[in-house]
Amino acid sequence: MSNEEEAADAFGVLADPTRIAILRAFAEALDRIELGTDDPMPVLSFSDVYDRVEIDSTSQLSYHLEKLDGTYLRHTEEGWQFTFAGESIVRLFLSGAYAGAVEFEPVDVDGRCPFCDAEALRVVVDDLALLRECGDCGRRMDGIQVTPAQIRDRDPESLLASANANRLALFWQFRENVCDECGGAVDLEFQERSADSPLEWTVRGRCRQCWRVVHGPPSIWLATHPASMGFHWDNGIDLRTLAFRDLMGRLESDDWRTERVGEDEYEITYRLDEAELRLTVDDDLSVTRTERVRRDSIPDA
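Only a predicted model underlies this, so the values are computations on that prediction, with no experimental measurement involved.

1. Some points on the overall build of the chain
Of regular secondary structure, the chain possesses 10 helices and 14 strands. Here the chain has a C-alpha radius of gyration of 24 Å; the compact-globule value for 301 residues is 19 Å, and the former is much larger. With respect to the three principal axes, the spread of C-alpha positions in the chain is 85 × 40 × 40 Å. Per-residue burial over the chain gives 41% buried out of 301 residues. Pairs at least 24 residues apart make up 42% of the contacts formed inside the chain by residues separated by at least 6 positions. As presented, the chain carries roughly 17200 Å² of accessible surface, and 45% of it is formed by carbon and sulfur atoms. Separation of charge centres in the chain, based on 32 positive and 61 negative side chains, amounts to 4 Å.

Dropping the structure here:
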């Protein structure tokens, strides 16, 4: 059986609201489990499941449990228990990830458009991507994936902060060779941007297993490197709480920049007033050298 057929069979099992309700019952049991128990994954007996799910008969429940068995639930001597796939799929349901677009009113933000220099920037959400948009030229930039659960119950500032925290964590995880979606290994590649882009270089990360792709300026990828975190902290900046607009402003102002210094070697510079941090990296973002300098100590060319 091909992978496509296996996937079609597995997803087809979920095409019934009663089976979703059964998985939800296991998630509710997991949510109520007490800390310190020997088995962190709850086991529900047949009667436990029957009491928790609205269903007409025990025979119907047996039928649905049989369909879920092996893929989303496992049957043990004590009862029924989540599989990894079962817990993962019910989390998608609970978070509303299947629900599509979510309402978000555009929010005006400070800064100039890097393409037309107009002070007409706003943050919008389109197809679950958080973007900056210029009200004058209409260009969009800085797409950050957001989720329905992330948007709900948050004001605009809180959403921007959560998106920024997610972005930094995502680049750190990919840089550590771990896909945030599936845990698979990651390949990184430097890419030169197009001539009309305000940034010269970007790094593309791609998961070998699920094909998730992440891309962004090298300075964003390495912002959470210990040398960068320490440098910014020593100069009064906690990068974990740096606002979305400030993060992008540092890129546009050239305070964070990347230059190619060898065939497979790049220098990433972070500048704060007269202080600079320089990271020398190879083409997979491995840091080979760090250097702090003061700009007033740099000799004139």
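2. Some remarks on the environment of Val146
By secondary structure assignment, the location of Val146 is in the loop between strand 7 (140–145) and helix 6 (148–151). Its relative accessible area of 1% is what places Val146 among the buried residues. Separated by 18 residues in the primary sequence, Val146 and Asn164 have C-alpha atoms spaced 10 Å apart. Apart from residues no more than four positions distant in its own chain, Val146 is found in contact with Val125, Leu128, Ala129, Leu130, Ile151, Leu159 and Ala163.

3. Side note on the pairing of strand 9 (residues 201–207)
The buried fraction of strand 9 is high, at 5 of 7 residues. Summarising the sheet, strand 8 (residues 186–192) and strand 9 pair through 7 bridges and their orientation is antiparallel. If you follow Val186 over to strand 9, its bridge partner there is Cys207. Sheet analysis places strand 9 next to strand 10 (residues 213–216), joined by 4 bridges and oriented antiparallel. Across the sheet, Gly205 pairs through a bridge with Val214, a residue of strand 10.

4. Quick word on the sheet that holds strand 7
Read from one edge of the open sheet, 4 strands run 4-5-6-7, paired in antiparallel fashion. Each of the sheet's edge strands pairs with one partner strand only, and the pair in question is strand 4 (107–108) and strand 7. Pairing geometry for strand 4 and strand 5 (residues 121–126), over 2 bridges, is antiparallel. Its bridge partner lying in strand 5, Asp108 is registered against Arg122. Packed onto the sheet, helix 7 (residues 156–175) meets strand 4, strand 5, strand 6 (129–134) and strand 7 and runs at close to 75° relative to strand 7.

5. Here's the deal with the side chain of His232
Here His232 shows up in helix 9 (residues 226–234). Residue His232 is classed as buried on the basis of its relative accessible area, which comes to 0%. Apart from residues lying up to four places away in sequence, His232 is in contact with Ile237, Leu239, Trp256, Tyr270 and Leu272.

6. Quick look at the confidence of the model for the chain
Model confidence for the chain is summarised by a mean pLDDT of 88, while 91% of its residues fall at 70 or above. The least confident element of the chain is helix 10 (residues 244–252), whose mean pLDDT is 77; the most confident is helix 4 (residues 58–68), at 97.

7. Topic: the packing of helix 2 (residues 17–31) against helix 5 (residues 84–95)
Where helix 2 meets helix 5, the closest approach of the two axes is 10 Å, and the angle between their N-to-C directions is 95°. In terms of their interaxial angle, helix 2 and helix 5 are classed as roughly perpendicular. Contact with helix 2, carried on its side by Ile20, Leu23, Arg24, Ala27 and Leu30, involves Glu87, Ile89, Val90, Arg91, Phe93 and Leu94 of helix 5 and no other residues of that element. Here the contact of helix 2 with helix 5 is composed, by residue class, of 8 nonpolar, no polar and 3 charged.

8. Some words on helix 7
Helix length check: helix 7, at 20 residues, gives a terminal C-alpha distance of 29 Å against a target of 28 Å (1.5 Å per residue), a fit within 8%. One or two steps after helix 7, the chain reaches Asn177, where phi turns positive at roughly 70°.

9. Description of the sheet that holds strand 8
Read across the open sheet, the 3 strands follow the order 8-9-10; overall the sheet is antiparallel. Only two strands of the sheet have a single neighbouring strand rather than two, namely strand 8 and strand 10. In this sheet, neighbouring strand axes are inclined to one another by 20° on average, regardless of whether the strands run parallel or antiparallel. The strands touched by helix 7 within the sheet are strand 8, strand 9 and strand 10, with strand 10 carrying the most contacts at an inclination of about 110°.

10. Thoughts on the pairing of strand 12 (residues 265–272)
Counted residue by residue, strand 12 has 7 buried out of 8 residues, so it is predominantly covered. Here strand 11 (residues 256–262) pairs with strand 12 via 6 bridges, running antiparallel. Each residue of the ladder has a partner; that of Arg260, found in strand 12, is Tyr266. Two successive antiparallel strands, strand 11 and strand 12, enclose a turn made up of 2 residues. As defined by bridge partners, strand 12 adjoins strand 13 (residues 275–282) across 8 bridges and the pair is classed as antiparallel. Each residue of the ladder has a partner; that of Thr269, found in strand 13, is Arg278.

What counts as what
Residues numbered from 1 in each chain as written. Predicted model: local features only at pLDDT ≥ 70, side-chain atom pairs only at ≥ 80, totals over all residues. Heavy atoms only, no water. Helix = DSSP H or I, 4+ residues; strand = E, 2+ residues; numbered from the N terminus. Rg over C-alpha atoms; globule rule 2.2 N^0.38 Å. Buried < 20%, exposed > 50% of the residue type's maximum accessible area, 1.4 Å probe, protein only. Contact = heavy atoms within 4.5 Å. Areas by Shrake-Rupley, 256 points an atom, 1.4 Å probe, with all protein chains shown as cover. Lys, Arg positive; Asp, Glu negative; His and termini not counted. Charge placed at Lys NZ, Arg CZ, Asp CG, Glu CD. Pairing = 2+ DSSP bridges. Axes fitted to C-alpha atoms, helices over the stretch in contact; angles between N-to-C directions. pLDDT = per-residue confidence, 0-100. Parallel < 35°, antiparallel > 145°, perpendicular 65-115°, else oblique. Nonpolar A, V, L, I, M, F, W, Y, C, P; charged D, E, K, R; others polar. Expected span 1.5 Å × (residues − 1).

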